[in-house]
Amino acid sequence: MATLTVNAQPATVAVPVYIDLDDITQQNDSVLVLKEISKNGAVEVPCQVEQNYHRFLWWMLTPQTSSSKRTFTLSAEKNRQRQQSPLQVEDDSALVIKAYNKNVLQYNYRMHYPPAGVDTAFKRSGFIHPLWSPAGNVLTQINPKDHYHHVGIWNPWTHVLYKGKEVDFWNLGDKKGTVRFAGFINKDAGAVYAGFRALQNHIAFNIPQQGDESIAMNEVWDVRVYNTGKHVWLVDFTSTLNNAEDDTITLEQYRYGGFGFRAAPDWNDNNSKVLTSEGKTRKDADSSVARWCTVDGDMKQGHSGIEFMSYPTNYNFPEPIRVWPEKMNGRGDVFFSFSPTKTKSWELQPGKNNVLKYRMLVYDGTITAREAEAIWKAFAQPPAISIQKNK
């Protein structure tokens, strides 16, 4: 039905690409076959169709050492067997995404309570923990004694002006607000990606009156884990914020808030490191701006880490970051956050979606700054794809 030519760039990790399928065919998804054509012949490539306002065809570009044009053909074959998926979404008491029978991440949608004896104001739902490395190391932690409101990977806001009052959705102990899971929109698992979309409510306390609770903002999390093989994980995290009522909401300037990561207690100043796209390290990364940031260190099963990537359309890109000082809590505990409102406020207008897109590369061992930059470029500047429709 079509020949697809991809201007692929050098990469050490497989990266996802997609095309608008409705521009090519109205054939049923089940009959579609994608093959890569090279001098060695034609090889079938796993693909997956995303059903949305348009249908999008997704597949993974395998790593390559140099730039090249890669050719794919899209055709239809009836009576095809269903493609086997190495990715799964399992849901018992929490939603777990797996790749090749290994845990990748867990989304906690049920209410989680802090340890016994701690104020239950710190209860929360709608966050990621654990995040595992391919070797099985747990990279996140929740409810540490120094900050009970830290919950793995989460995305609340600190100083928020709502109906003329200031609400804090981050510091739960202030009892001004919280974030709660409200329901799943969908769950997907296929040959290219597995993930979910979930609705979360940002709840303001004592507004409009004492004892009241009101939904200030609705947030949709779109989380995807891509099929990059058994040795590295690639995770997309997209947050879409929308005002729940016809009022302007201001995310006020503050030194932290937004996409947060609290690292596992394994890491300290002696066995971990931070590197940003601008060459900053833990000594000077805080309050700088970055396109990406790597955080890695020694763990129980070797050395593991994460590259956090920000998308160019995000508010206040390149985004300010929050990195804890080297001797935090006396041992150098690790915290990282993309904080777009760190240097200026963000006014959210009613009736408008406000989108933040991030990608995480989760790895064992280390990666170089050059590798990190190439992986970010594949996220921020996806390969161009030309389409030739066949008669």
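What you see is a predicted model; the values in this text were computed from it and never measured.

Definitions and cut-offs
Throughout, residues of each chain are indexed from 1 in the direction in which the sequence is written. Only residues with pLDDT of at least 70 get local features here, since the model is predicted, and only at 80 or more are side-chain atom pairs given and counted; chain-wide, interface and lining totals rely on the full set of residues. Each side-chain value is worked out from all heavy atoms of the structure, with water and hydrogens disregarded. A run of DSSP states H or I qualifies as a helix once it reaches four residues; a run of E qualifies as a strand once it reaches two. Both are numbered from the N-terminal end. Any two residues having at least one pair of non-hydrogen atoms within 4.5 Å are treated as being in contact. The term polar contact refers here to a pair of N or O atoms within 3.5 Å; inside protein, the definition further demands a hydrogen-donor-capable atom paired with an acceptor-capable atom, and it admits residues adjacent in sequence only when both atoms are side-chain atoms. When DSSP finds at least two bridges between two strands, those strands are taken to pair. What counts as an axis is a line fitted to C-alpha atoms, over the stretch in contact for a helix, and the angles between N-to-C directions run from 0 to 180 degrees. Each salt bridge in this description consists of a side-chain nitrogen of Lys or Arg and a carboxyl oxygen of Asp or Glu lying within 4 Å of one another. Each nonpolar core is a collection of buried residues, namely Ala, Val, Leu, Ile, Met, Phe, Trp, Tyr and Cys, held together in the definition by side-chain atoms within 4.5 Å. Think of it in three bands: residues with accessible area under 20% of the maximum for their type are buried, residues over 50% are exposed, and the middle band is partly exposed, with areas taken using a 1.4 Å probe on protein chains only. Expected helix span is given by 1.5 Å per residue-to-residue step, counting one fewer step than there are residues. Any pair of Phe, Tyr and Trp rings, taking the six-membered ring for Trp, is counted once the centres come within 6.5 Å. Such a pair is stacked with planes under 30 degrees apart, edge-to-face with planes over 60 apart, and tilted for the rest. Two conditions define a charge sitting above a ring: the NZ of Lys or the CZ of Arg must be within 6 Å of the ring centre, and it must be within 35 degrees of the ring normal.

1. Here's the deal with the environment of Pro114
In this structure, Pro114 sits in the loop between β10 (102-108) and β11 (127-131). Setting aside residues up to four positions removed in sequence, Pro114 forms contacts with Asp119, Thr120, Phe122, Lys123 and Asn143.

2. Some remarks on the side chain of Asp296
Take Asp296: it is sitting in strand β23 (residues 292-299). Reaching out from Asp296, the side chain makes a polar contact with the side chain of His303 at a distance of 2.8 Å. Asp296 has contacts with Trp267, Asn271, Ser272, Lys273, His303, Ser304, Gly305, Tyr363 and Thr366, leaving out every residue within four places of it along the chain.

3. Some points on the sheet that holds strand β3 (residues 32-38)
Sheet strands associate in pairs through backbone hydrogen bonding, adopting either a parallel or an antiparallel arrangement. If you trace the five strands from one edge of the open sheet to the other, you get β4-β3-β7-β1-β29, paired in antiparallel fashion. At either margin of the open sheet sits one strand with a lone partner, and together these are β4 (41-44) and β29 (385-389). The average undirected angle you get between the axes of adjacent strands in this sheet is 25°.

4. Observations concerning the pattern of salt bridges
Evaluation of the coordinates by the stated rule reveals 22 salt bridges. A salt bridge links Asp333 to Arg331; its shortest N-O distance comes to 2.2 Å. Among the charged side chains, a salt-bridge network with shared partners connects Asp146, Arg262, Arg331 and Asp333.

5. Quick notes on the nonpolar core
Within the largest apolar cluster, 58 residues are counted, with the highest numbers of intra-cluster contacts made by Leu105, Met217, Leu251, Phe308 and Phe336. If one sorts the elements of this core by residue count, strand β17 (residues 213-226) sits on top with five residues.

6. Things to note about helix α1 (residues 369-380)
An ideal rise of 1.5 Å per residue puts 16 Å on 12 residues; α1 measures up with 16 Å between its terminal C-alpha atoms. Here α1 has its buried residues at Ala372, Glu373, Ile375, Trp376, Ala378, Phe379 and Ala380. Buried-residue contacts for α1 involve β2 (15-20), β18 (232-243), β23, β24 (302-310) and β28 (354-364).

7. Considerations on unusual backbone geometry
Omega for the bond connecting His129 with Pro130 falls within 30 degrees of zero, at 0°, which places this linkage in the cis form. Mapped onto the secondary structure, Pro130 falls in strand β11. With an omega of -10°, the peptide bond running from Phe317 to Pro318 counts as cis. Here Asn143, not a glycine, exhibits a phi torsion of approximately 50°, which is positive. Here the phi dihedral of Asn329 falls at roughly 60°; this positive angle occurs in a residue that is not glycine. Tracing the backbone through its elements, the reader meets Asn329 in the loop between β25 (319-323) and β26 (335-338). Residue classification places Asn329 among the partly exposed positions, given a relative accessible area of 40%.

8. Description of the packing of aromatic side chains
Under the counting rule described, the total for this entry stands at 34 aromatic pairs. Ring plane angle 65° and centroid distance 6.3 Å describe the contact between Trp154 and Phe335, whose orientation is recorded as edge-to-face. Taken as a pair, Trp154 in strand β12 (residues 153-154) and Phe335 in strand β26 lie far apart in primary sequence, 181 residues in all. No difference in accessibility class separates Trp154 from Phe335, as the two residues are buried. For the pair Tyr311 and Phe379, a centre-to-centre distance of 5.2 Å together with 55° between the ring planes defines the contact as tilted. Here the residue Tyr311 occupies a position in the loop between β24 and β25, and Phe379 occupies one in helix α1, the gap between them amounting to 68 residues. You'll find Tyr311 and Phe379 in the same group, each marked buried. Seen from the ring of Tyr193, Arg224 lies directly overhead, with NZ or CZ sitting 4.2 Å from the centre.

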